[in-house]
Amino acid sequence: QHPDWPQVIRPLRLALPKFGWTTYSIELPDAAQQAGDKHYAGLLDQATAHIVAAQGQLQDMDARRIVIIAYGLGARMAVDWLSKTPQSSVSALVLISMADGESNSGIDSNQDLLKIKIPVLDIYAEHDAVKVLKAAKERSRQREKMSAYRQLEIFAADPYYSRQEDELIKRIRG
């Protein structure tokens, strides 16, 4: 995806400002669709550089509350960075359709999530990818280990939240 991707990203970017949110969309490094988690693990340092640069720009713009909203692989990259950066200026995290890593991949998003102490909203679609649903179920089992964690399923939604954009926006705003 890219910073103005028509599914998930653009609807959020266009709707949230109507409710007083300022949006700032960044592009994180991406790999080919067929690449596995071992390849993604190599992108984490690049993703960190992008996130840190964006955080710095937001602080330069006097952003008072920064909320990261991340989708898919971007959610996994945000969790990786936040799990290693406990003193960031990020106030909250919204995860959309986040899977977990394959064994021995170097990415363990569900475990890394346990290290994050800011409020987390974890959203997944009823008809999401199997690996997303499996990871969401595992996070649901470990929710008591997270102090400010909430998980929501968007009913009747596919992995792109087609025709469910309004519900997704409403849940994030709430």
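Residues numbered from 1 in each chain as written. Predicted model: local features only at pLDDT ≥ 70, side-chain atom pairs only at ≥ 80, totals over all residues. Heavy atoms only, no water.

1. Thoughts on the confidence of the model for the protein
Here's step 1: Confidence along the protein averages 89 in pLDDT terms, with 91% of residues attaining 70 or more.
Here's step 2: Within the protein, the element-level pLDDT minimum falls on helix H2 (residues 37-41), averaging 67, and the maximum on strand S3 (residues 120-125), averaging 98. (pLDDT = per-residue confidence, 0-100. Helix = DSSP H or I, 4+ residues; strand = E, 2+ residues; numbered from the N terminus.)

2. A closer look at the pattern of salt bridges
Here's step 1: Counted according to the given criterion, the structure contains 6 salt bridges.
Here's step 2: The partner of Asp4 in a salt bridge is Arg10, and the shortest N-O contact between them spans 3.2 Å.
Here's step 3: For Arg10, a relative accessible area of 32% puts it in the partly exposed group.
Here's step 4: One salt bridge connects Arg13 with Asp4, and the closest N-O pair in it is separated by 2.6 Å.
Here's step 5: Overall, the relative accessible area of 31% leaves Arg13 in the partly exposed class.
Here's step 6: With a relative accessible area of 27%, Asp4 lands in the partly exposed category. (Salt bridge = Lys/Arg side-chain N within 4 Å of Asp/Glu carboxyl O. Buried < 20%, exposed > 50% of the residue type's maximum accessible area, 1.4 Å probe, protein only.)

3. Regarding the sheet that holds strand S4 (residues 149-154)
Here's step 1: With respect to topology, 4 strands assemble into an open sheet ordered S1-S2-S3-S4, the strand pairing being parallel. Each having just a single partner strand, strand S1 (66-71) and S4 make up the two edges of the open sheet. Neighbour-to-neighbour, the strand axes of this sheet turn through a mean angle of 15°, independent of strand direction.
Here's step 2: Pairing analysis gives 4 bridges linking strand S2 (residues 90-96) to S3, with the strands arranged parallel. (Pairing = 2+ DSSP bridges. Axes fitted to C-alpha atoms, helices over the stretch in contact; angles between N-to-C directions.)

4. Structural notes on the packing of helix H3 (residues 44-60) against helix H4 (residues 73-84)
Here's step 1: Contact geometry of H3 with H4 gives a least axis separation of 10 Å together with a crossing angle of 75°. When the axes of H3 and H4 are compared, the pair comes out roughly perpendicular. Along the contact surface, H3 presents Leu44, Ala47, Thr48, Ile51, Val52 and Gln55, while H4 presents Met77, Ala78, Asp80 and Trp81.
Here's step 2: Taken together, the residues of the contact of H3 with H4 break down into 7 nonpolar, 2 polar and 1 charged. (Parallel < 35°, antiparallel > 145°, perpendicular 65-115°, else oblique. Contact = heavy atoms within 4.5 Å. Nonpolar A, V, L, I, M, F, W, Y, C, P; charged D, E, K, R; others polar.)

5. Things to note about the packing of aromatic side chains
Here's step 1: Across all of its chains, the model carries 2 aromatic pairs by this definition.
Here's step 2: Pairing Trp5 with Tyr160 gives two aromatic rings, centres 5.7 Å apart and planes at 70°, and the pair type is edge-to-face. Linking Trp5 in the segment before helix H1 (9-15) with Tyr160 in the loop between S4 and helix H7 (165-173), this pair joins segments that are 155 residues apart in sequence.
Here's step 3: Accessibility expressed as a relative area gives 13% for Trp5, which makes it buried.
Here's step 4: Residue Tyr160 is classed as partly exposed on the basis of its relative accessible area, which comes to 38%. (Phe/Tyr/Trp six-rings, centres within 6.5 Å; stacked < 30°, edge-to-face > 60°.)

6. Topic: the side chain of Gln142
Here's step 1: Considering the arrangement of structural elements, one finds Gln142 in the loop between helix H6 (130-141) and S4.
Here's step 2: Contacts of Gln142, omitting those with residues within four sequence positions, involve Asn110, Gln111 and Leu114.

7. Some remarks on the environment of Gly56
Here's step 1: Here Gly56 lies in helix H3.
Here's step 2: Measuring from C-alpha to C-alpha, the distance between Gly56 and Asp30 comes to 22 Å, with 26 residues separating the pair along the chain.

8. Description of H6
Here's step 1: In this model H6 runs 17 Å from its N-terminal to its C-terminal C-alpha over 12 residues, within 8% of the 16 Å that 1.5 Å per residue would give.
Here's step 2: For H6, the full list of buried residues reads Val132, Ala135, Ala136 and Arg139. Buried residues of H6, viewed axially, fall in a sector of 105°; they line one side. The exposed set on the far side of H6, more than 90 degrees from its buried face, consists of Val130, Lys134, Lys137 and Arg141. (Expected span 1.5 Å × (residues − 1). Arc of directions from axis to C-beta.)

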